[in-house]
Structures are given as C-alpha cells and as structure tokens.
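# Summary of the model geometry
One letter stands for each residue in the lines below.
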Amino acid sequence: MSLVVQKFGGTSVASVELIEHVATLVKDTCSQGHQVIVVVSAMSGETDRLLGLAEKVDEYYNGRELDALLATGEQGSAALLAIALNKQGIQAVSMTGWQVGMLTDQNYNKARIQSIDASKIKKCLEQSKVVVVAGFQGIDENGNITTLGRGGSDTTAVALAAELKCLECRIYTDVDGIYTTDPRIEPKARRLKSITFEEMLEMASLGSKVLQIRSVELAGKYNVPIRVLSTFKEGRGTLISYEENSMEKMRISGVASNRDEAQLTVRGVPDKPGVAANILAPIADANIEIDMIVQNVGSRDGIADFTFTVHRRDYRKAMQVLENTVAELGSGRVIGTDDIVKVSLVGVGMRSHAGIASKMFSALAQADIDIRMISTSEIKISVVIKEELMNKAVQVLHDAFGLDK
Ligand code: ASP
Ligand code: MG
C-alpha cells in the first residue's frame, strides 16, 4: 500500500464547511487504496489573529510563548478535520508537532527541523488510521514548542513525506497549480503540467508565493515529488520533481516578476582592490540582503560606479548606510530608486540553448523597454526595469517565448 501526504493550506480549511469538504478529498484518496497522512495549516487568518493578540500585549515579543500561541492555530484545524473524518466513517487521529516527534532547533519563530521520530505515526498507520498532523510546529530538545516560520506547514508536509518515503506530497491550495506567469498580469498564463525543483525555487524566490521556499529545497534534497493542486477544482495540478520534459525543444517554464526591489548606486568610487568589500560590508553588517550587483569597468581615470539591488523594505536603511560609507571613504555620491522591479525568464532549457538571452533582450527592445541591470544564472535571466513597465515586460516575454501554447 502506498503512502501519500495531503497538505491543506489555510484557505482550504477556512470554515467548518470547507473542513468537511477536505475530509471528502482525504476519503477519496483512502478509497483509491492509499494510506494518508494529512498536514493542515491554521484556518485562514488565524495565525495573523494570534499574532495580533500577542502584539497587543507586547509589540516586541517574539520568544517562546509566541510559538506556544501560534501553534494552537494548526492544532485546532487538525482536530476539527479529524472530527470531520471520523464523522464520514474514516478513522482519524490528530497530532501536534511534538506528538509526531518533529524535533527542531531552538530558534523560535523560524526553527529548522532536525529529525522526525515517526514511530507514533507508523503505529497509527498500522491501525489503518489517517493521521492528521498540525503543520508549522515542532519541539526542541528541551520540550519547548517551536514554529517553522510563516508558510511552514508546507515544510512539515515535505519533511514527513521524506521521512516516511511517501509516493508524493500533495499540496492543496486555492490555485490549481503553478502557472507560466501571474495570471493577474497575463491572462494567457498557462498551468504547467510539471516543473523541476530548481525552476520552482527560482519561481518561488521571485515572488510566486504558492509554496514556502524551504519546502521546495527540502523536497529537492530528498527527492520527494510535490504536486500542487486545488482544493476547490478537480485536476492534475503541477508536479514538481527532477523530471525534465525532454520532448520540448527549448524549455522555458515561466516569467517571474518581483516588485520588492530597490536599486542603489555609488557613483565615482576609486577603482581599486577592496572597494566592493568596503561598500558591501556595512550593508551586510546592517543585516540587509543584497540581490544583484554590478560594477562597471573602471574606465574614467580609475573611477568606478557600483550598483546593487536590495529588498524594497530595506531601501531607506541601505541608503543611510551608504551615505555613511561614502562619507568615510571621502569620495563618491549615492543615488537610488525604489521605482524598479525585476522580471526573470526561468527554464532548464537555457542550459542547452544559446540565443535565449538575445531573444529576450530583443523582445524587450521592440517593446521599448529599457533594461537597467541584467543578471544570469544557469536557468534564469533577470532584468531590472522601471516599475511601470513590469506588466508589459511580462506580457511581451510570455508572448515571445510562446508560453501560452
Ligand atoms: N499558519 C502558518 C502561517 O499562516 C503556517 C502555514 O500556514 O503554513 O504562516
Ligand atoms: Mg501556504
């Protein structure tokens, strides 16, 4: 008998009626001859509600008790789903993170899973019970409750699927799969039948918020196929695995866009060893993550420009840090803008096909879209452009690469 994990997100368990609907989906999987482990998120909005309560008591609190509080959200939906399953004649037990032996490190609010002692789950499965696991939570070695960071139930589901060598980890959500691009930007966006782990990581880190990024990393590491499905609509969803569709000639999977960008430039810094380090070290010390970096070739009299991008929420802070750096260096001038976005073409087909970058740039040029920065990796080409051109760029690229077909 094969084992399947079914994970349901907050919008899928947002009401008692929906929980009853989810129970029928689990029941269907059982009747197809699978054993099932279910992982649930808290009911939609519940985690935010609990966070709000904690904030009212102490705005800055983020330690042990916050995790004890947040973990209750998932416990509630797990128990409710077990009740619903029992009512439909399926024997089910709910379990908290600590009951399923989800051992994590001690980083409250963003704990990492260290190991799983699945003996309790196995015992229940042997008794032909469905196990409903409260997602997003674990326990540290001292028995304290921990949580895995926002969206962490995805990671719970993948970790269990890896530990128990499940056939598939099915993640049910309010969209019916992973799309070639954001359908709100390009209505011709198409659901992908399959995508590789690495492509999904690129799409996810670029703003496609269907899955917690960590869960995709974990799935890749342990080779657990993930299938993203809709709770509300029947279909095959999107399979995320190592398989590449070799039948396709030039595989581009999608166009991702990200508004959370800001660009900073230090003009006129001396072009000598150590300059990049001098500029970036204080940024790193201020805990600001850097995305793209460009330094022009120092041409004019040994003077260079240095440009990089950061998350938009860090823009002001980064600006301040740079102003201080420039003052210390005694040369240069800082300029910047948060009026930019990043648009990326993602696909494993780039590895084996030359000419994708030039096709991308000429498509953008024909649409009169000015490129401000470019960066590439093995399976991704990103450009930074003005924010107002974002939707147009996404549509143009979606078209140029025939992603609607
Ligand atoms: N309930 C948690 C959150 O809202 C975890 C999850 O849904 O995966 O982030
Ligand atoms: Mg989620």
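Located above this text is the structure these notes cover.
So, a few notes on the structure that sits alongside this text. (Residues numbered from 1 in each chain as written. Chains lettered and ligands numbered in written order. Predicted model: local features only at pLDDT ≥ 70, side-chain atom pairs only at ≥ 80, totals over all residues. Heavy atoms only, no water.)

## Quick look at the site of ligand 1
The immediate surroundings of ligand 1 are formed by Ser-41, Thr-47, Glu-74, Phe-136, Arg-150, Gly-151, Gly-152 and Ser-153. At a separation of 2.8 Å, an oxygen atom of ligand 1 approaches a polar backbone atom of Gly-151. Contact distances for ligand 1 include 3.3 Å between an oxygen atom and a backbone N or O atom of Gly-152. Here ligand 1, which alone exposes 260 Å², has 86% of that area covered by the protein. A per-class count over the shell around ligand 1 returns 1 nonpolar, 5 polar and 2 charged. (Near = heavy atom within 4 Å. Polar contact = N/O pair within 3.5 Å; in protein donor to acceptor, adjacent residues only side chain to side chain. Areas by Shrake-Rupley, 256 points an atom, 1.4 Å probe, with all protein chains shown as cover. Nonpolar A, V, L, I, M, F, W, Y, C, P; charged D, E, K, R; others polar.)

## Re the environment of Asn-86
Inspection of the secondary structure assignment puts Asn-86 in helix α3 (residues 64–87). Setting aside residues no more than four positions away along its own chain, Asn-86 makes contact with Gln-91 and Ala-92. (Helix = DSSP H or I, 4+ residues; strand = E, 2+ residues; numbered from the N terminus. Contact = heavy atoms within 4.5 Å.)

## With respect to the packing of helix α5 (residues 153–163) against helix α7 (residues 213–222)
α7 packs onto α5 with a crossing angle of 10 degrees between their chain directions and a minimal axis gap of 8 Å. Relative to α7, the element α5 lies roughly parallel. Across the interface between the two elements, Asp-154, Thr-155, Val-158, Ala-159 and Ala-162 of α5 pack against Arg-214, Ser-215, Leu-218, Ala-219 and Tyr-222 of α7. Within the contact of α5 with α7, the residues separate by chemical class into 6 nonpolar, 2 polar and 2 charged. (Axes fitted to C-alpha atoms, helices over the stretch in contact; angles between N-to-C directions. Parallel < 35°, antiparallel > 145°, perpendicular 65-115°, else oblique.)

## Comments concerning the pairing of strand β12 (residues 238–241)
As paired strands, strand β10 (residues 194–196) and β12 are joined by 3 bridges and run parallel to one another. Within β12, the position partnered with Ser-194 by the bridge is Leu-239. Direction of pairing for strand β11 (residues 226–230) relative to β12: antiparallel, over a ladder of 3 bridges. Along β12, the bridge assignment pairs Val-228 with Thr-238. (Pairing = 2+ DSSP bridges.)

## Re the sheet that holds strand β17 (residues 373–377)
The strand order β14-β15-β13-β16-β18-β17 describes an open sheet built from 6 strands, whose pairing is antiparallel. Sheet topology places β14 (290–295) and β17 at the edges, where each strand pairs with a single neighbour. Strand-to-strand twist in this sheet, taken as the mean axis angle between neighbours without regard to direction, amounts to 30 degrees. Both strand β13 (residues 254–270) and strand β15 (residues 303–311) contribute to a ladder of 8 bridges, which runs antiparallel. By the bridge assignment for β15, Ala-262 is matched with Val-310. Relative to the sheet, helix α9 (residues 315–329) contacts β13, β15 and β16 (333–346), its axis offset from that of β16 by approximately 130 degrees. Contacts from helix α10 (residues 356–366) reach β16, β17 and β18 (380–386) within the one sheet, and its direction differs from that of β18 by about 20 degrees.

## Considering the nonpolar core
If you look at the biggest cluster of nonpolar residues, it comprises 40 residues, and the most contacted ones within it are Ile-37 and Ile-121. With 6 residues, the top contributor of residues to this core is α5. Met-350, Met-360, Ala-393 and Val-396 belong to the second-largest nonpolar core, a separate cluster that totals 24 residues. (Core = buried A, V, L, I, M, F, W, Y, C linked by side-chain atoms within 4.5 Å. Buried < 20%, exposed > 50% of the residue type's maximum accessible area, 1.4 Å probe, protein only.)

## Let's talk about the packing of aromatic side chains
Inspection of every chain in the model, using the stated rule, returns 3 aromatic pairs. Arranged with centres 4.5 Å apart and planes meeting at 25 degrees, the rings of Phe-8 and Tyr-172 form a pair that is stacked. Here Phe-8, found in strand β1 (residues 3–8), pairs with Tyr-172, found in strand β9 (residues 168–173); they are 164 residues apart in sequence, far enough to count as distant. Judged on exposure class, the residue Phe-8 and its partner Tyr-172 are both buried. Note on Phe-306 and Phe-308: the rings are 6.3 Å apart at their centroids and 65 degrees apart in plane angle, and the pair reads as edge-to-face. The pair Phe-306 / Phe-308 is uniform in exposure class, with both members buried. (Phe/Tyr/Trp six-rings, centres within 6.5 Å; stacked < 30°, edge-to-face > 60°.)

Scope: geometric values only; no functional claims are made or implied.
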